[in-house]
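# Breakdown of the fold
The chain contents come next:
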Amino acid sequence: MSKVLITGGLGYIGSHTVVELYENGYETVIIDNLYNSRIDVLDKLEKITKKKISFYKGDVRDKDLLRKIFSEEEISGVIHFAGLKAVGESCEIPIEYYDNNIGSTIALIEVMKEFNVKRIVFSSSATVYGKCKVVPLKEDSPLDATNPYGRTKLFIEGILKDLYESDKTWEIGILRYFNPVGAHKSGLIGERPNGTPNNLVPYIAEVAAGIRPHVRVFGNDYDTKDGTGVRDYIHVVDLAYGHVLALKKLDEAHGLLIYNLGTGTGYSVLDVIKAFEKASNIKIPYEFYDRRPGDIATSYADPTKALKEIGFKAKYGIEEMMEDHWRFQKNLYIK
Ligand code: NAD
Ligand code: UD1
């Protein structure tokens, strides 16, 4: 049976996507250099899926390794998650971000072409909408990038569009994720932040675990219902299932397809804190701080196109996102 190559498959979103793919009759092969993940995720994946999963440890920029994988495995398509993703860090080490994110994509496309595998789904981000103030964000909203990380996503989208224009036999899915949170119901896989979490929900979880004294709420003077930033949080299992739908669509539709993967609902920072308190039954102290540079007031998806064209609709609400996130993270902190 042909397999889907998952780059970055031991990471947060990749690992959940591996599970959803097996549940929907696909097999996978994983390549990951373990830069931001751990090898024990592979055991957890095998436990959840009850399958032996082929794993190659290495860098996607290593074309010889890619050639080895494409020679040894029967690959029918690729989902490309591998990359660096921290906005702040991307301003400190931009060249590493360009090299890793863009370099890995180009190496991958070149080797896919050599082996005549022309189906790829790419992890883009709502970050490509930059500071766009008109919400909900639609796939044809204006694109912009405000930091090196965002620029890598925008450049890669451009590279994939140029590739498709030059050769219409490629089948390309560009998925723009909003804010993934939560974890698999088993509590075995989830997000493991390295150092101080940048993102809201992992930070709240560390406050809940007693590691940090309070949540720093960045800004309470935005033009939103309670003055705090509004985002479109989406359960990582819903997001992962979106990849299955995108692959199925590419099977029948071909072409270059771009979809937002969000719920269409925005929650404020205070809404999220409240939902987390309810899910964990732990009081979460918070204090207001200045706005975080580069943040926008409100971002949420118009999910209509993904619903209409691939039948994507998020199943899980904010409380389940928090419950599942906490189930995984409390196991890391509270023994
Ligand atoms: P993650 O860091 O958990 O997973 C990425 C994985 O790729 C890690 O396991 C890492 O070790 C691996 N990796 C990185 N560079 C590699 C390379 N050159 N070769 C091989 N492996 C490499 O991140 P994630 O949250 O799962 O994100 C996956 C993708 O989704 C990324 O491209 C990210 O930019 C994008 N994305 C993430 C979010 C988010 O909030 N998590 C939002 C929008 C888009
Ligand atoms: C971040 C990334 C963005 C990425 C998106 C989805 C940054 C600057 N941007 O954006 O590129 O596409 O995740 O993964 O990292 N907040 C607090 N206190 C905190 C952390 C966050 O109040 O400790 C607030 C923020 O101001 C924002 C909301 O919580 O209003 C969500 O923040 P975060 O989880 O970092 O996501 P994004 O800002 O959407």
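What this report covers is the structure whose coordinates are included nearby. (Residues numbered from 1 in each chain as written. Chains lettered and ligands numbered in written order. Predicted model: local features only at pLDDT ≥ 70, side-chain atom pairs only at ≥ 80, totals over all residues. Heavy atoms only, no water.)

## Regarding the overall build of the protein chain
Across its full length, the protein chain holds 11 helices and 13 strands. The C-alpha radius of gyration of the protein chain comes to 19 Å, within 12% of the 20 Å expected for a compact globule of 335 residues. Taking the principal axes of the C-alpha coordinates as reference, the protein chain spans close to 55 × 45 × 40 Å. Residues counted as buried form 55% of the 335 residues belonging to the protein chain. Counting contacts in the protein chain only where the partners sit at least 6 residues apart, residues at least 24 apart contribute 79% of the total. Of the roughly 14600 Å² of accessible surface on the protein chain, 49% is carried by carbon and sulfur atoms. Between the averaged position of the 44 positive side-chain charges in the protein chain and that of its 47 negative side-chain charges there is a distance of 3 Å. (Helix = DSSP H or I, 4+ residues; strand = E, 2+ residues; numbered from the N terminus. Rg over C-alpha atoms; globule rule 2.2 N^0.38 Å. Buried < 20%, exposed > 50% of the residue type's maximum accessible area, 1.4 Å probe, protein only. Contact = heavy atoms within 4.5 Å. Areas by Shrake-Rupley, 256 points an atom, 1.4 Å probe, with all protein chains shown as cover. Lys, Arg positive; Asp, Glu negative; His and termini not counted. Charge placed at Lys NZ, Arg CZ, Asp CG, Glu CD.)

## Section: the side chain of Ser125
With respect to the secondary-structure elements, Ser125 resides in strand E5 (residues 119-125). Ser125 gets classed as buried once you look at its relative accessible area, which sits at 12%. A polar contact of 2.9 Å, which involves the side chain of Ser125, links it to the backbone nitrogen of Thr127. Dropping the residues within four chain positions of it, Ser125 is found in contact with Tyr149, Lys153, Leu175, Arg176 and Tyr177. (Polar contact = N/O pair within 3.5 Å; in protein donor to acceptor, adjacent residues only side chain to side chain.)

## Focus on helix H1 (residues 12-23)
With 12 residues, H1 should cover 16 Å at 1.5 Å per step; its first-to-last C-alpha distance of 18 Å lies within 8% of that length. Burial runs high along H1: 11 of the 12 residues are buried. Among all positions of H1, only Tyr12, Ile13, Gly14, Ser15, His16, Thr17, Val18, Val19, Glu20, Leu21 and Tyr22 are buried. Remark: Gly25 follows H1 within two positions and exhibits a positive phi of approximately 85°. (Expected span 1.5 Å × (residues − 1).)

## Re the environment of Gly130
As for its placement among the helices and strands, Gly130 is situated in the loop between E5 and helix H6 (148-166). You can call Gly130 buried: its relative accessible area is 15%. Taking C-alpha positions, Gly130 is 6.0 Å from Thr146, a pair spaced 16 residues apart along the chain. Excluding residues that lie within four positions of it along the chain, Gly130 makes contacts with Asp144, Thr146 and Ile296.

## Remarks on the site of ligand 1
Taken together, 27 residues sit near ligand 1, with Asp32, Asn36, Ser37, Asn100 and Tyr149 positioned nearest. A distance of 2.8 Å separates an oxygen atom of ligand 1 from a polar side-chain atom of Lys85. With respect to ligand 1, the side chain of Lys153 contributes an N or O atom lying 2.9 Å from an oxygen atom. Contributing elements (two or more residues each) for the shell around ligand 1: H1, E5 and H6. Top contributing element to the shell around ligand 1 by residue count: E5, with three residues. In terms of residue class, the shell around ligand 1 is built from 11 nonpolar, 11 polar and five charged. (Near = heavy atom within 4 Å. Nonpolar A, V, L, I, M, F, W, Y, C, P; charged D, E, K, R; others polar.)

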